[in-house]
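Chain residues, written in single-letter form:
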Amino acid sequence: MHVHRPKPLHGFREISVEIAVIVIGVIIALALEQVVEWAHWREKVEAGRREIHAEMAGDTAFYRFRTATEPCVVRRLNQLAEITEARGEGRRVAPVRLAGIHLGFLVNNDTWQAERADQTLTHLPRAELDHLSEFYATAEDMRGWVAKEEEAWATLRTLEGDPNRLGQSDIAMLRNALQQARNFGYQIALNSKEQADLARQLGVAVPAPDARMVARTCAPLDRSINPDPMGAP
């Protein structure tokens, strides 16, 4: 049995060839790894973008709703202010069945938070990420304004029933609630338009406001009292 030992390399040229083969192999392996990782993140980014756009479309439905109903909200607040001031002057007023109105639903950011935690957002183009961050930063402010607005409207519902029962301390509380509702309603309506415009720039399909919900909010102030406690007409 004969054992053939490997021949030693002779000369700089042969050594250079062997080193080049090794280096090229390493480069190819690293390049393939980068391609696989790029394909992986590209798929995740596309999926994440679709999910975020779906969430934004839902939030934008609220923004479109608030823009469409702003005149109705202002009109209702003016009506409640007239009733409040009439009672402040000691004049008797007609009863109010329902003082509050439908103000929409709370905006959501669960998908945005999940994609951020998964680090998907770091792979988005910088300009797109900046616009998304702006959209969701305003959405977070919006959540706070909506909560404060709801508190004000909860106080305004004190007018429901017979407003003639209210005293001066109630009137002062209602005046403050009216001002709060006006301030937050203005902020919400103004930023709602900007949010819808920003969503369009990002390629989100912005839905039209729900006509039934708009009609519900814009319904006239009901000044009748329902004698049936179960709510039957």
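Visitor: Could you clarify how one ought to interpret the overall build of the protein chain in this entry?
Guide: When helices and strands are tallied, the protein chain shows five helices and zero strands. Put simply, the protein chain runs from its N terminus to its C terminus through helices and strands in the order α-α-α-α-α. The buried share of the protein chain, taken over its 233 residues, is 33%. Residue pairs in contact within the protein chain that sit at least 24 positions apart in sequence constitute 87% of those at least 6 positions apart. Within the structure as shown, the protein chain displays about 14300 Å² of accessible surface, and the carbon and sulfur contribution to it stands at 58%.

Visitor: Any chance you could explain a nonpolar patch on the surface here in plain terms?
Guide: A surface patch of nonpolar side chains, about 270 Å² in accessible area, is lined by Ile-19, Val-23 and Ile-27. For Ile-27, the position within the fold is in helix H1 (residues 12-88).

Visitor: Sorry, what's going on with the environment of Glu-140 here?
Guide: Examined against the element boundaries, Glu-140 turns out to sit in helix H3 (residues 126-156). On the basis of relative accessible area, Glu-140 is assigned to the partly exposed category, the value being 42%. A sequence separation of 31 residues divides Glu-140 from Asn-109, and the C-alpha atoms of the two residues are 8.2 Å apart.

Visitor: Help me out: how do you make sense of the state of the cysteines in this one?
Guide: Formally, a disulfide is one covalent bond, and it connects the sulfur atom of one cysteine to the sulfur atom of another. Scanning the model with the defined rule gives one disulfide in all. Two residues share a disulfide in this structure: Cys-72 and Cys-218, whose sulfurs sit 1.9 Å from each other. Linking Cys-72 and Cys-218, the disulfide has an S-S dihedral of approximately 90° and is accordingly described as right-handed. Of the two residues, Cys-72 sits in helix H1 while Cys-218 sits in the segment after helix H5 (211-217), which places them 146 residues apart along the sequence.

Visitor: How should I be thinking about the pattern of salt bridges in this particular structure?
Guide: Pairing between side chains of opposite charge can happen when the charged atoms of each approach one another. The full count for this structure, using the stated rule, is ten salt bridges. In this structure, Asp-197 engages Arg-200 in a salt bridge whose closest nitrogen and oxygen atoms are separated by 3.0 Å. Taken together, the residues Asp-197 and Arg-200, both in helix H4 (residues 168-201) and three residues apart, mark about one turn of the helix. Judged by its relative accessible area of 31%, Asp-197 falls in the partly exposed class. Three or more residues are tied together by salt bridges with common partners; here these are Glu-46, Arg-49 and Glu-128.

Visitor: Please explain H4 as it appears in this structure.
Guide: For H4, which comprises 34 residues, the first-to-last C-alpha distance of 50 Å matches the rise-based estimate of 50 Å (1.5 Å per residue) to within 8%. Gly-203 sits one or two residues past H4 and shows a positive phi near 85°.

Reading the values: the criteria
Residues numbered from 1 in each chain as written. Predicted model: local features only at pLDDT ≥ 70, side-chain atom pairs only at ≥ 80, totals over all residues. Heavy atoms only, no water. Helix = DSSP H or I, 4+ residues; strand = E, 2+ residues; numbered from the N terminus. Buried < 20%, exposed > 50% of the residue type's maximum accessible area, 1.4 Å probe, protein only. Contact = heavy atoms within 4.5 Å. Areas by Shrake-Rupley, 256 points an atom, 1.4 Å probe, with all protein chains shown as cover. Patch = residues over 30% accessible without salt bridge, like charges linked within 9 Å, V, L, I, M, F, W, Y side chains within 5 Å. Salt bridge = Lys/Arg side-chain N within 4 Å of Asp/Glu carboxyl O. Disulfide = S-S within 2.5 Å. Expected span 1.5 Å × (residues − 1).

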